[in-house]
Structures are given as C-alpha cells and as structure tokens.
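Breakdown of the fold
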Amino acid sequence: VGFNMVLDALSKSGDKDAPKRAEECLQQLQDFYELDGDANLKPDTISYTSVLSVWATSSLPDAARRAESILEHMQHLYEDGNEEVRPNVISFSAVINAWSQSREPYAA
C-alpha cells in the first residue's frame, strides 16, 4: 500500500521526471518482493496502472510507447498466471490517453 501511495503521488506531481521515477519505484517494489516474498510488496494492477497514468500525462516524447510497453508487460504477467496484475479498463484508458496526447504521426 505504501508504494502504491508513492506511485499515486508521482502520477499527480506533474514532475518532468515522474514517469522514470515511478518506473524505478515499481522496479524497487518488485525487487523487494522477490527478496522478501512478502505478498504486501508484490506489485499489483494498481501499482502498474499508477505508472501507466504517470506516463499518460507525461510530455516526454516516448511516453505513449513506454505506456504501451508496460501494458503489454502487465498482460504477459497476467497470462503467465499473475492474477494480481490483470489489466483493467483504467489501465487500457491510460494507454489510450497517452497515445491521444502523443505528437507522433498516426498516434491518435
């Protein structure tokens, strides 16, 4: 829960480096979970979707591609049996929002 609160705060911060910091935080959470095995540290749909939301509101040039890549990673984890990271409508909406904000040709 603590990490999810940090990720949520980053998603609302407006900080230019927030997307990369959010991904680093998510990776730390995963690393702690793998070291400790504590289920409270296991990243879940909320964790990943918070990171997607940070990317969705980012003005960085690769934001939409990064968000889509994270969503694809979530989908693979879910398909491999990790029920806790099942993408939901908010996850998909964040990626759609990221592409709608993208300046890439043919993005929207």
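The notes below deal with the structure included here. The model shown is predicted, which means the values in this text are computed figures rather than measured ones. (Residues numbered from 1 in each chain as written. Predicted model: local features only at pLDDT ≥ 70, side-chain atom pairs only at ≥ 80, totals over all residues. Heavy atoms only, no water.)

Observations regarding the nonpolar core
For soluble globular proteins, the rule of thumb is that nonpolar side chains tend to be buried together. Within the largest apolar cluster, 23 residues are counted, with the highest numbers of intra-cluster contacts made by Val51 and Leu52. Of all the secondary-structure elements, those providing two or more residues to this core are α1 (2-13), α2 (18-36), α3 (45-56), α4 (63-79) and α5 (89-101). Aside from chain neighbours lying at most four places away, what touches Val51 is Leu7, Ala22, Glu23, Leu26 and Ile70. (Core = buried A, V, L, I, M, F, W, Y, C linked by side-chain atoms within 4.5 Å. Buried < 20%, exposed > 50% of the residue type's maximum accessible area, 1.4 Å probe, protein only. Helix = DSSP H or I, 4+ residues; strand = E, 2+ residues; numbered from the N terminus. Contact = heavy atoms within 4.5 Å.)

Observations concerning α3
Structurally, the α-helix is built with 3.6 residues per turn, so residues lying three or four positions apart point the same way. With twelve residues, α3 should cover 16 Å at 1.5 Å per step; its first-to-last C-alpha distance of 16 Å lies within 8% of that length. Within α3, ten of the twelve residues are buried, which leaves it mostly tucked inside the rest of the structure. When α3 is considered as a whole, its buried residues turn out to be Thr45, Ser47, Tyr48, Thr49, Ser50, Val51, Leu52, Val54, Trp55 and Ala56. Between the side-chain oxygen of the N-cap and the backbone nitrogen of Ile46 there are 3.1 Å, and the N-cap of α3 in question is Asp44. (Expected span 1.5 Å × (residues − 1). Polar contact = N/O pair within 3.5 Å; in protein donor to acceptor, adjacent residues only side chain to side chain.)

What to know about the pattern of salt bridges
Enumeration over the complete set of coordinates arrives at four salt bridges. The residue Arg66 makes a salt bridge to Glu23 at a minimum N-O spacing of 2.6 Å. You can see Arg66 sitting in helix α4 and its partner Glu23 sitting in helix α2, a full 43 residues away along the chain. Under the relative-accessibility criterion, Arg66 is labelled partly exposed at 28%. When the shortest N-O distance is used, the salt bridge between Lys42 and Glu84 registers 3.2 Å. In this pair, Lys42 sits in the loop between α2 and α3 while Glu84 sits in the loop between α4 and α5, placing the two residues 42 residues apart along the sequence. (Salt bridge = Lys/Arg side-chain N within 4 Å of Asp/Glu carboxyl O.)

Quick notes on the side chain of Ser11
Looking at the element boundaries, Ser11 is found in helix α1. Take Ser11: its relative accessible area is 18%, and that puts it in the buried class. Among residues more than four places away in sequence, those in contact with Ser11 are Ser50, Ser53, Val54 and Thr57.

Regarding the packing of α1 against α3
Where α1 meets α3, the closest approach of the two axes is 8 Å, and the angle between their N-to-C directions is 15°. When the axis of α1 is compared with that of α3, the two are roughly parallel. For the crossing formed where α1 meets α3, the hand is left-handed. Across the interface between the two elements, Asn4, Leu7, Asp8, Leu10 and Ser11 from α1 touch Ile46, Ser47, Ser50, Val51, Ser53 and Val54 from α3. Within the contact of α1 with α3, the residues separate by chemical class into five nonpolar, five polar and one charged. (Axes fitted to C-alpha atoms, helices over the stretch in contact; angles between N-to-C directions. Parallel < 35°, antiparallel > 145°, perpendicular 65-115°, else oblique. Left-handed = near helix turned anticlockwise from the far one by under 90°. Nonpolar A, V, L, I, M, F, W, Y, C, P; charged D, E, K, R; others polar.)

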